[in-house]
Amino acid sequence: MSEVSWDEYWEKLKLKLAPFKRVSWEPITEEAQTSVHKSKFSGIPVVTRSGWPCCKNCNEPMQLFAQINSLDIPNEAKTPFGDGILQVFYCTNEEPHCEVDCESWAPHSEATLLRILPVEVDDTFQVTESPVKRAFPEISVVGWREQEDYPDTMELEDLGVNLSEDEIDFLCEDEVPFAGEKLVGWPCWVQGIEYPKCRVCEKEMNFIFQIDSSGEIPYMFGDSGCAHISQCAEHRNELAMVWACC
Ligand SMILES: [Zn+2]
Ligand SMILES: [Zn+2]
């Protein structure tokens, strides 16, 4: 590997991985408050008349981790989760420790809520201040950066790609797939491939969004874990979040 440049090596390897190339979208963000309908991390989301979602374990309002409005996504990305406003709420309370009590690393924890609201929600409820204790600052999504994404070495081998030791080292060093927050692409698995199954049809769900530790959200999933949100291709209200750490 010493006689070829990094670029040459990567270009050659990309040809081998071409069948698995996907585009992922990295959010471009700034710390600012924006309207309730916009895509954001933390801050004030669209709240329905039933009120700000509360944790079923401690009954307190949960942090908004992410809200992605399909109207804010670039046209080229189409509508990866359908039309609507994807919302991810997560209880970060430690007394009681809801994440542990409810095993929030696994799908459908009582201390999380994932849903897709219609783009035109009519029964909204005006919230001017977050009711969340120690609410994280609002980070608004002001654009999206397109990037070529490839599966991690574990998933490539699972997909039937034979990788040499050199190629494995290269991909691991080059941090393929992308870490951090992103819309679609390939999940950055920490422990192993873990696509949750739909509770209705039992098929594996599609990866739609990644939230990393201490990225746009000042929160650590265990020891630098990474969280993945998935959706059933057919049953679009079937959503699940899982995370794993080392
Ligand atoms: Zn809670
Ligand atoms: Zn399904």
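Residue indices begin from 1 for each chain and proceed along its sequence in written order. Each chain gets a letter, beginning with A, and each ligand a number, beginning with 1, in the order they are written. The predicted origin of the model limits local features to residues at a pLDDT of at least 70 and limits the giving and counting of side-chain atom pairs to 80 or more, whereas totals for whole chains, interfaces and linings rest on all residues. The side-chain quantities take in all heavy atoms of the structure and omit both hydrogens and water.

## Side note on the pairing of strand β4 (residues 85-90)
Cut-off, in case you're wondering: Accessibility here uses a 1.4 Å probe with only protein chains present; expressed as a share of the type maximum, an area under 20% marks a residue as buried, one over 50% as exposed, and anything in between as partly exposed. Secondary structure follows DSSP: runs of H or I at least 4 residues long count as helices, runs of E at least 2 residues long count as strands, and numbering of each begins at the N terminus. By definition, two strands form a pair when at least two bridges between them are found by DSSP.
Most of β4 is tucked away: six of the six residues are buried. Here β4 shows two buried faces, one formed by I85, Q87 and F89 and the other by L86, V88 and Y90. One ladder, built from six bridges, connects strand β3 (residues 63-69) with β4; its direction is antiparallel. Its bridge partner being in β4, I68 is matched across the sheet by L86. Note: β4 against strand β5 (residues 112-117), six bridges, orientation antiparallel. Its bridge partner being in β5, L86 is matched across the sheet by I116.

## Things to note about a negative patch on the surface
What counts here: Patch definition: residues with relative accessible area over 30% and no salt bridge; like charges joined within 9 Å; nonpolar side chains (Val, Leu, Ile, Met, Phe, Trp, Tyr) joined within 5 Å. Values of accessible area rely on a 1.4 Å probe in the Shrake-Rupley scheme; residue burial ignores everything except the protein chains shown. The salt bridge criterion pairs a side-chain nitrogen of Lys or Arg with a carboxyl oxygen of Asp or Glu, the two atoms within 4 Å. His is not counted here, nor are the chain ends, while Lys and Arg score as positive and Asp and Glu score as negative. In this description, the location of a charge corresponds to atom NZ of lysine, CZ of arginine, CG of aspartate or CD of glutamate.
Residues E157, E165, D166, D169 and E173 make up a contiguous surface patch of negative charge. For the negative patch, the leading source of residues is helix α4 (residues 165-173), giving four residues. As for its position among the elements, E165 is in helix α4. A relative accessible area of 61% places E165 in the exposed class.

## Structural notes on the coordination of the zinc ion (ligand 2)
This is how it is decided: Metal donors were taken as nitrogen, oxygen and sulfur atoms no farther than 2.8 Å from the ion, or 3.2 Å where the ion is Na, K or Ca. Water is excluded, so coordination may look unfinished. The geometry test gives tetrahedral to four donors whose angles all lie between 85 and 135 degrees, gives square planar to four donors and octahedral to six donors whose opposite members are over 155 degrees apart with all other angles between 65 and 115, and gives irregular to the rest.
Around the zinc ion (ligand 2), the donor atoms from the protein are C198 (SG), C201 (SG), C232 (SG) and H235 (ND1), and they sit 2.1 to 2.3 Å away. Each of the four donor atoms bound to the zinc ion (ligand 2) contributes to angles spanning 107 to 115 degrees, and the resulting shape is tetrahedral. We note that the donor set of the zinc ion (ligand 2) lies within a single chain, spaced as C-x2-C-x30-C-x2-H. On the criterion of sequence distance, the pair formed by C201 in the loop between β7 (182-183) and β8 (206-212) and C232 in the loop between β9 (226-231) and β10 (239-244) is long-range, its members being 31 residues apart.

## What to know about the coordination of the zinc ion (ligand 1)
Surrounding the zinc ion (ligand 1) are the protein donor atoms C55 (SG), C58 (SG), C91 (SG) and C98 (SG), which sit 2.3 to 2.4 Å from the metal. Each of the four donor atoms around the zinc ion (ligand 1) contributes to a set of angles spanning 106 to 113 degrees, which defines the coordination as tetrahedral. Considered as a linear motif, the donors of the zinc ion (ligand 1) on their single chain read C-x2-C-x32-C-x6-C. Of this pair, C58 sits in the loop between β2 (40-41) and β3 while C91 is found in the loop between β4 and α2 (98-101), placing the two residues 33 residues apart along the sequence. An identical accessibility class is assigned to C58 and C91; each is buried.

## Overview of helix α1 (residues 6-17)
As a reminder, the rule being used: By this rule the span expected of a helix is its residue count minus one, scaled by 1.5 Å. What the arc covers is the set of directions going from the helix axis to the C-beta atoms. What makes two residues a contact is simply this: any of their non-hydrogen atoms within 4.5 Å.
With twelve residues, α1 should reach 16 Å at 1.5 Å per residue; the first-to-last C-alpha distance of 16 Å fits that figure. Looking at α1, one finds that the buried residues are Y9, W10, L13, K14 and L17. In a view along the axis of α1, the buried residues occupy a sector of 135 degrees, so they form one face of it. In α1, the exposed residues that point more than 90 degrees away from the buried face are K12 and L15. In this fold, the buried residues of α1 make contact with β6 (139-149), α3 (153-158) and α4.

## Let's talk about the pattern of salt bridges
In this structure the tally under the stated criterion is ten salt bridges. One salt bridge in this structure joins K182 and D149, with 2.7 Å as the shortest N-O distance. With a gap of 33 residues between them, K182 in strand β7 and D149 in strand β6 connect regions that are remote in the sequence. The buried category is assigned to K182, whose relative accessible area is 0%. A single network of salt bridges, built from pairs that share partners, joins E11, K14, K21 and E148.

## Quick notes on the environment of L71
Turning to its location among the elements, L71 is positioned in the loop between β3 and β4. Residue L71 is classed as exposed on the basis of its relative accessible area, which comes to 61%. Note: C-alpha distance between L71 and A18 (53 residues apart in sequence) is 29 Å.

## A few points about unusual backbone geometry
For residues that are not glycine, phi is negative in most cases, and the peptide bond is trans in most cases. In the segment running from E95 into P96, the intervening peptide bond is cis, with an omega of 0 degrees. For P96, the location among the structural elements is in the loop between β4 and α2. V176 connects to P177 through a cis peptide bond whose omega is -5 degrees. Along the chain, P177 turns up in the loop between α4 and β7. A positive phi is found at V184, a non-glycine position, where the angle reads about 45 degrees. Residue placement: V184 occurs in the loop between β7 and β8. Taking relative accessible area as the criterion, V184 reaches 18% and is therefore assigned buried.

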